[in-house]
Amino acid sequence: MSSRRGPGADTAPFLTQADNTEDGEPETEPFLEERVRTPGTDRDPVEEQVEVVTGITYRHSVIIVVILCFINLLNYMDRFTVAGVLSDIEMYFGIKDSSSGLIQTVFICSYMVLAPVFGYLGDRYNRKNIMSIGIAFWAAVTLGSSFIPQQHFWLLLLTRGLVGVGEASYSTIAPTIIADLFVADQRSRMLTIFYFAIPVGSGLGYIVGSQVKEATQDWHWALRVTPSFGLVAVLLLVFVVKEPPRGAVERKTDRTLVHTSWWADVKSLMKNRSFVLSTFGFTSVAFVTGSLALWAPVYLLRSRVVLGTKDPCTGTVCNADDSLIFGIITVVTGLLGVGAGVEISKWYRKRNPRSDPLVCAAGLLGSSPFLFLAVACAGSSTIATYVFIFIGELLLSMNWAIVADILLYVVIPTRRSTAEAFQIVISHLLGDATSPYLIGVISDQIRKGKPTSYLWEFRSLQYALMLCAFVGVIGGAFFLATAVFIEKDRTKAELYARGLIQEEEEERIVVPRRGRSTKVPVSSVLI
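All values reported here derive from a predicted model rather than from experimental measurement.

This next bit is on the packing of aromatic side chains. The tally for this structure, following the rule as stated, stands at 12 aromatic pairs. With 6.0 Å between their ring centres and 85° between their planes, Tyr58 and Phe182 make a pair best called edge-to-face. Here Tyr58, found in helix H2 (residues 58–84), pairs with Phe182, found in the loop between helix H7 (174–179) and helix H8 (184–216); they are 124 residues apart in sequence, far enough to count as distant. One exposure class covers both Tyr58 and Phe182, and it is buried. Through successive ring pairs, a cluster of aromatic residues spans Tyr92, Phe93, Phe153 and Trp219.

A word on unusual backbone geometry. Negative phi values dominate among residues other than glycine, just as trans dominates among peptide bonds. One non-glycine residue, Gln217, lies in the positive phi region at around 55°. Within the fold, Gln217 resides in the loop between H8 and helix H9 (225–239).

Considering the arrangement of structural elements, one finds Ile64 in helix H2. Taking C-alpha positions, Ile64 is 9.3 Å from Leu181, a pair spaced 117 residues apart along the chain. Filtering out sequence-adjacent residues up to four positions away, Ile64 remains in contact with Ile56, Ile177, Leu181, Val241 and Lys242.

What follows deals with the environment of Val62. Counting through the fold element by element, Val62 comes out in helix H2. Owing to a relative accessible area of 17%, Val62 belongs among the buried residues under this scheme. It is 9.5 Å that separates the C-alpha atoms of Val62 and Phe182, two residues lying 120 residues apart in sequence.

Turning our eyes to something else, we now look at the packing of helix H13 (residues 321–349) against helix H16 (residues 400–410). One way to put it is that H13 packs onto H16 with a least axis distance of 7 Å and a crossing angle of 50°. Here H13 is positioned oblique relative to H16, judged by the angle of their axes. For the pair H13 and H16, the contacting residues are Val338, Gly341, Val342 and Ser345 in the first and Trp400, Ala401 and Ile402 in the second. Broken down by class, the residue content of the contact of H13 with H16 amounts to five nonpolar, two polar and no charged.

Our next topic: a nonpolar patch on the surface. On the surface, a nonpolar cluster with roughly 450 Å² of combined accessible area is contributed by Tyr120, Tyr125, Trp262 and Trp263. Within the element layout of this structure, Trp263 appears in helix H11 (residues 262–271). When its relative accessible area of 52% is taken as the criterion, Trp263 is described as exposed.

Looking now at the nonpolar core. One finds Leu68, Ile89 and Ile103 to be the most contacted residues of the largest nonpolar core, which totals 118 residues. Residue contributions to this core peak at 13 residues, all from H2. Each residue touching Ile103, except ones within four places of it in the same chain, is listed here: Val82, Leu86, Ile89, Ile95, Phe153, Leu156, Leu157 and Arg160. In terms of nonpolar packing, the next biggest core, distinct from the first, is built from six residues, Cys69, Ala197, Ile207 and Val331 among them.

How each quantity is defined
Residues numbered from 1 in each chain as written. Predicted model: local features only at pLDDT ≥ 70, side-chain atom pairs only at ≥ 80, totals over all residues. Heavy atoms only, no water. Phe/Tyr/Trp six-rings, centres within 6.5 Å; stacked < 30°, edge-to-face > 60°. Helix = DSSP H or I, 4+ residues; strand = E, 2+ residues; numbered from the N terminus. Buried < 20%, exposed > 50% of the residue type's maximum accessible area, 1.4 Å probe, protein only. Contact = heavy atoms within 4.5 Å. Axes fitted to C-alpha atoms, helices over the stretch in contact; angles between N-to-C directions. Parallel < 35°, antiparallel > 145°, perpendicular 65-115°, else oblique. Nonpolar A, V, L, I, M, F, W, Y, C, P; charged D, E, K, R; others polar. Patch = residues over 30% accessible without salt bridge, like charges linked within 9 Å, V, L, I, M, F, W, Y side chains within 5 Å. Areas by Shrake-Rupley, 256 points an atom, 1.4 Å probe, with all protein chains shown as cover. Salt bridge = Lys/Arg side-chain N within 4 Å of Asp/Glu carboxyl O. Core = buried A, V, L, I, M, F, W, Y, C linked by side-chain atoms within 4.5 Å.

In structure tokens:
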């Protein structure tokens with residue numbers, strides 16, 4: 001098993017800052033005083049000491065990450081299974097584009113409204129128990145949504161909204177557990193594994209959904225796949241996952257960090273410019289991916305009907321080739337993009353400490369022209385469209401793990417679940433909760449007054465999807481702004497986690513002077 005310590009790991013001795021240095025010598029935790037190897041062993045001292053602090057072995061920590069990744073995979077499979085059979089749902093319930101977009105919007109709205117609640121609970125109570133209950137609820141509701149009668153479309157919307165309850169309980173908490181198990185480059189690598197599940201799970205949602213529908217000739221069965229795996233996920237959470245102490249691996253001690261009020265947490269996050277700006281940048285990513293996730297398979301189907309290479313969907317089961325191809329593209333670009341983004345950022349960090357937001361900006365700005373070309377070329381060349389989608393999604397996928405890492409290192413441990421929750425609220429409220437419905441409404445408005453034809457069904461959706469390219473450019477600008485503040489905010493969070501800074505003392509650090517201690521501004525130390 002590889003060492004927990006990466007090439008950029010801190011090489012200073014593990015010393016614990018005293019709670020009070022006004023009187024006497026600083027207190028230290030005995031097992032964290034010296035970074036020396038245990039005689040007769042090749043294990044890294046950081047790995048040994050972190051295991052002592054958390055009470056969880058490195059091997060078990062990796063197993064926990066794999067389990068959390070599996071659950072994240074299921075979450076995104078469930079989300080995009082619906083998109084993979086969207087044409088069938090439209091035919092079954094007899095709905096238009098705006099109503100189709102509402103399916104995803106209702107789910108995201110529920111998800112984002114409840115995220116702050118679970119963020120608050122996740123910062124204060126047992127995270128494993130919260131996730132276990134949430135995943136069990138999600139599996140039950142998802143299974144129930146596959147039995148909705150044809151005349152009750154509103155009931156499908158209600159159940160998709162309730163699915164957001166379970167997913168909010170997981171998404172706000174899981175990354176913070178990873179942050180409490182690993183440090184430095186090892187944390188980045190584990191987050192990379194965790195966030196592979198987003199594009200891979202999304203792609204598998206299209207693939208599994210479309211293929212199960214083809215095999216059973218009934219789209220309802222596509223919604224019954226993930227709930228069965230959800231039961232397995234709950235059992236793994238209950239019997240395998242352990243709860244690590246919050247912030248112990250960064251504070252270099254198992255001493256509990258002091259919690260502040262929820263309102264104090266919110267005020268502090270709003271003053272954290274790196275967190276706010278990166279959240280708005282990620283909102284643009286969510287807007288673009290949310291639009292493509294729901295509408296790309298439908299758009300590709302309509303384009304091929306216009307080109308005459310495929311018959312229009314008139315039966316109860318629509319052709320699923322485009323969902324399958326788009327799913328494969330999403331899986332491949334996700335695997336390549338997430339890993340490439342992290343590795344490029346690590347390489348560039350040796351030359352520029354602002355590498356994370358700069359790589360995110362490059363990914364968004366680079367993806368925008370290719371996504372625009374993908375939409376523009378669909379009416380003339382299917383192959384060119386798929387090529388441009390591949391490149392655009394590859395560049396877009398570079399953001400996922402990096403944005404999560406930015407949040408974890410600019411926010412102190414006791415506020416991370418709350419920060420995750422607020423990032424979810426903002427990114428979904430202005431991103432993928434809005435974009436699917438907005439694209440559908442724009443498409444319907446463009447088509448209004450036009451003759452009913454397959455050409456105008458295609459053109460109206462084409463013009464609506466062009467909005468995504470311009471939103472991507474705006475997101476790139478937000479990440480460029482994040483790069484201005486990232487160093488200062490990261491240093492402040494690290495100093496606070498180590499007990500060297502207290503916010504209630506106006507961000508001043510206790511340092512010795514002439515045998516006694518004094519307090520100096522953080523800026524003096526940073527300079």
